[in-house]
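# Geometric and topological summary
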Amino acid sequence: MCIRDRYTADRGQIQLAALGRQLAYEPNLEPVRTGPGGGLNGTFFLDIAKRCRTYGGVLWGRGIGSYRDLPDYALVSDNQGQTLDSLAWYTGLTHQWNTKWSTNLTVSEGTVSNLPGQSLDSIHRLQYFAVNLIWQPNPYAFAGAEYLWGSRENFGLDSSEANRFMVSFGFLLP
C-alpha cells in the first residue's frame, strides 16, 4: 500500500509518500515466514535558474532498502531473519549549457542498520558520485561521457572503492 501527496509550484515540486508492504522469507525446507515493512520517501526538484535544476530525495524505513539498492531483510541465524532499517538520500544538479550540451552531477548515500548475527560481508553503507557531459546534436541522437565513483562499507568494516569512466551513444525514436 502506498499513499502519496505532491505539491507543484511554478519552479518546482515536492512529493511525500508513505509505503507499507509485506515481506516473505522461506527458510530451508520450512514454511514461509512473513513480516511487515514500511517507510517514508520524500523527493523534490527546484528550477534554480532558467537552465539549472536541483533535485533530491530521502528514503527512511524498515524493510524498504531495495528501493535505493540496499537490502530489505537479513538472516540472523540459519532459520531466522529480520527486516532491516535503512536511511538513504541523494541530491543532484542538472545544468543545460546551451541547446546541445548538458551536465548532471549526482551524490548519494545509503546506510543499513545491521543486526547481530548478520554476515560480516553484509552491506552497511553505499556512497556514489557521478558527473557527466551530454551532447545532443539533434532531437534523436546523443553522446556522452561520465565519471562515476562508488564505495561500499560492509558490516564487518571492510570497505572498497571503484572508479569508472564510460562513454555512451544513443538514438531516440520519434
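Residue indices begin from 1 for each chain and proceed along its sequence in written order. Residues qualify for local features only when their pLDDT is at least 70, as the model is predicted, and side-chain atom pairs are given and counted only at 80 or more; totals for whole chains, interfaces and linings, by contrast, use all residues. Calculated side-chain values reflect all of the structure's heavy atoms, with hydrogen atoms and water omitted.

### Section: a nonpolar patch on the surface
On the surface, a cluster of nonpolar side chains totalling about 710 Å² of accessible area is made up of Y7, I14, L16, F44, L46, I48, L93 and L105. Secondary structure follows DSSP: runs of H or I at least 4 residues long count as helices, runs of E at least 2 residues long count as strands, and numbering of each begins at the N terminus. Among the elements of the structure, strand 2 (12-25) and strand 3 (33-49) are those that each provide at least two residues to the nonpolar patch. Sort the elements by how many residues they give to the nonpolar patch and strand 3 lands first, with three residues. Position of L93 relative to the elements: it lies in strand 7 (residues 85-96). Patch definition: residues above 30% relative accessible area lacking any salt bridge, with like charges linked at up to 9 Å and the nonpolar side chains Val, Leu, Ile, Met, Phe, Trp and Tyr linked at up to 5 Å. For the area figures, the Shrake-Rupley method with a 1.4 Å probe applies, and any residue is considered shielded solely by the protein chains shown. By salt bridge we mean one thing: a side-chain nitrogen of Lys or Arg within 4 Å of a carboxyl oxygen of Asp or Glu.

### Considering the sheet that holds strand 9 (residues 123-138)
What the nine strands build is an open sheet, ordered 1-2-3-4-7-8-9-10-11; its pairing is antiparallel. At either margin of the open sheet sits one strand with a lone partner, and together these are strand 1 (2-9) and strand 11 (159-171). Mean inter-strand twist for the sheet, computed between neighbouring axes without regard to direction, equals 10°. Any two strands with at least two DSSP bridges between them are considered paired. All axes are obtained by fitting lines to C-alpha atoms, using only the stretch in contact for helices, and the reported angles, taken between N-to-C directions, cover 0 to 180 degrees.

### Considering the pairing of strand 4 (residues 52-62)
Across eleven bridges, the pairing between strand 3 and strand 4 is antiparallel. Of the residues in strand 4, the one forming a bridge with D47 is R53. Linkage of strand 3 to strand 4, two consecutive antiparallel strands, is achieved through a turn of two residues.

### Digging into the confidence of the model for the protein
Segments scoring low in pLDDT should not have their predicted coordinates read at a detailed level. Taken over all residues, the pLDDT of the protein has a mean of 91, while the share at 70 or more is 99%. Mean pLDDT per element in the protein: strand 5 (residues 73-77) is the minimum at 78, and strand 10 (residues 141-154) is the maximum at 97. Along the chain, pLDDT gives the predictor's confidence residue by residue, from 0 to 100.

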